[in-house]
Amino acid sequence: MIRKATPADAQAIQKLIHLHGEKGQMLERDISDVLAHIGDFFVCEKNGEVLGSCALNYQWDRIVEIRSLAVDPAHFGQKVASRLIQAGVDEARSSDKETIFVLTYAVSLFHKFGFEIVEKSTLPGKVWNDCQGCPKEENCDEIAMARPLHPILQEALESPGEMADKKLEFEMQAHQSL
Ligand SMILES: CC(C)(COP(=O)(O)OP(=O)(O)OC[C@H]1O[C@@H](n2cnc3c(N)ncnc32)[C@H](O)[C@@H]1OP(=O)(O)O)[C@@H](O)C(=O)NCCC(=O)NCCS
């Protein structure tokens, strides 16, 4: 079952993040950080055990980040990450954000969910605040990937020539739904 995390999940989430963080596969987060942002996390739970988790980070105006995606190695390959990513994208789509991005090594996994590689320089500078304290700060080799959250903008991305028409259509729909 995929559900929003509660404070009771914080220890299990932090353990998973640390398991992969200590191998340099993701940014470490301490227990106070996890607890402070527990409302941003999803967990995949089975029989009371947390098999994986991920979080959304809404701190920017128009974009949202999916981060801290960590799965228990005993359950790799069972679509735990896929279900967590889908839950994150679904929630983000119901927000007012336009784009979701991730910094990851798992490029083909995120590609399955419509994420495309983007230049890191297209992300707001504030994204890099989180990197302070990361041992790789100056030599970050994670790949930036992003996808639009609104289906019309997704279509427009796939047909750049129609971008202007699609944007107009989107704006008109948004106006009508006010
Ligand atoms: C990457 C990770 C989250 C994948 O978890 P998972 O539950 O095993 O993934 P899924 O079962 O949902 O995999 C779905 C697909 O993604 C692919 N995939 C899995 N891990 C991958 C990786 N590291 N890189 C690229 N593709 C990957 C799988 O091959 C699978 O493909 P298929 O649908 O064709 O069979 C997990 O290996 C993990 O926790 N790794 C360490 C931390 C990490 O790298 N997190 C991502 C940071 S954003």
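As a reminder, the structure under discussion sits directly above these lines.
Computed from a prediction, not measured in an experiment: that's the story for all the values here.

Student: Is there a simple way to explain the overall build of the chain in this structure?
Tutor: Within the chain one finds six helices and seven strands. Overall, the chain shows an N-to-C arrangement of helices and strands of β-α-α-β-β-β-α-β-α-β-β-α-α. Buried residues in the chain amount to 28% of all 178 residues. Sequence-distant contacts, at least 24 apart, represent 62% of the contacts inside the chain between residues at least 6 apart.

Student: Teacher, can you tell me more about the site of the ligand here?
Tutor: Not every one of the 19 residues close to the ligand is listed here, only the nearest: Ala-81, Ser-82, Thr-104, Ala-106 and Leu-109. Those elements that place two or more of their residues in the shell around the ligand are strand E4 (63-71), helix H3 (80-93), strand E5 (99-104) and helix H4 (107-111). Tallied by class, the residues present in the shell around the ligand amount to 11 nonpolar, seven polar and one charged.

Student: What is the right way to look at unusual backbone geometry in this model?
Tutor: Generally, phi is negative for residues other than glycine and the peptide bonds are trans, each holding for most cases. Even without being glycine, Ser-68 reaches a positive phi, approximately 55 degrees. Looking at the secondary structure, you find Ser-68 in strand E4. The exposure class of Ser-68 is buried, given the 25 C-beta atoms found within 10 Å. Its identity as a non-glycine residue notwithstanding, Lys-79 has a phi of 70 degrees, on the positive side. For Lys-79, the position within the fold is in the loop between E4 and H3. Taking the C-beta count within 10 Å as the criterion, Lys-79 has 13 such neighbours and is therefore assigned partly exposed.

Student: I'm lost on helix H1 (residues 10-21) in this one. Help?
Tutor: Residue pairs three or four apart in sequence face the same way in an α-helix, which turns once every 3.6 residues. Compared with the 16 Å implied by 1.5 Å per residue over 12 residues, the 16 Å span of H1 between its first and last C-alpha is a close match. Of the residues making up H1, those classed as buried are Ala-10, Ile-13, Gln-14, Leu-16 and Ile-17. For H1, the angular spread of buried residues about the axis comes to 160 degrees, placing them on one side. Looking at the buried positions of H1, the neighbouring elements they touch are helix H2 (31-36), strand E2 (41-46), strand E3 (49-57) and E4.

Student: Explain the pairing of E4 here, please?
Tutor: Successive side chains on a regular strand alternate, one facing one side of the sheet and the next facing the other. Most of E4 is tucked away, with nine of its nine residues classed as buried. Pairing analysis gives five bridges linking E3 to E4, with the strands arranged antiparallel. Paired with Ala-55 across the bridge in E4 is Arg-67. In this structure, the hairpin formed by E3 and E4 is closed by a connection of five residues. For E4 and E5, the ladder comprises three bridges, and the chain directions are parallel. The residue bridging Ile-63 from the neighbouring strand is Thr-99, located in E5. Handedness of the E4-H3-E5 crossover: right-handed.

Student: Looking at this structure, I do not really get the nonpolar core. What am I missing?
Tutor: One broad trend across soluble globular proteins is that nonpolar side chains are buried collectively. In this structure, Ile-13 and Leu-84 are the most contacted members of the largest nonpolar core, which totals 36 residues. Elements with a minimum of two residues in this core: H1, E2, E3, E4, H3, E5 and strand E7 (143-148). Ranked by the residues each element gives to this core, the list is headed by E4, at six residues. Apart from residues no more than four positions distant in its own chain, Ile-13 is found in contact with Ala-5, Val-34, Phe-41, Val-43, Val-50 and Ser-53.

Student: What am I meant to see in the sheet that holds strand E1 (residues 2-4) here?
Tutor: Within a sheet, each strand pairs with its neighbour through backbone hydrogen bonds, oriented either parallel or antiparallel. Strand order in this open sheet of seven strands is E1-E2-E3-E4-E5-E7-E6, and the pairing throughout is mixed. Two strands lie at the open edges of the sheet, namely E1 and strand E6 (116-117), each paired on one side alone. The pairing of E2 with E3 spans six bridges and is classified as antiparallel. Residue Phe-41 lies in a different strand from E3, and its bridge partner there is Ala-55. Packed onto the sheet, H1 meets E2, E3 and E4 and runs at close to 80 degrees relative to E3. Running over the sheet, H3 touches E1, E2, E3, E4 and E5 and is turned about 35 degrees from E3.

Reading the values: the criteria
- Residues numbered from 1 in each chain as written.
- Predicted model: local features only at pLDDT ≥ 70, side-chain atom pairs only at ≥ 80, totals over all residues.
- Helix = DSSP H or I, 4+ residues; strand = E, 2+ residues; numbered from the N terminus.
- Buried ≥ 20, exposed ≤ 12 C-beta atoms within 10 Å, placed from the backbone.
- Contact = placed C-beta atoms within 7 Å.
- Near = placed C-beta within 6 Å.
- Nonpolar A, V, L, I, M, F, W, Y, C, P; charged D, E, K, R; others polar.
- Expected span 1.5 Å × (residues − 1).
- Arc of directions from axis to C-beta.
- Pairing = 2+ DSSP bridges.
- Right-handed = clockwise from strand over helix to strand, strands pointing away.
- Core = buried A, V, L, I, M, F, W, Y, C linked by C-beta atoms within 7 Å.
- Axes fitted to C-alpha atoms, helices over the stretch in contact; angles between N-to-C directions.

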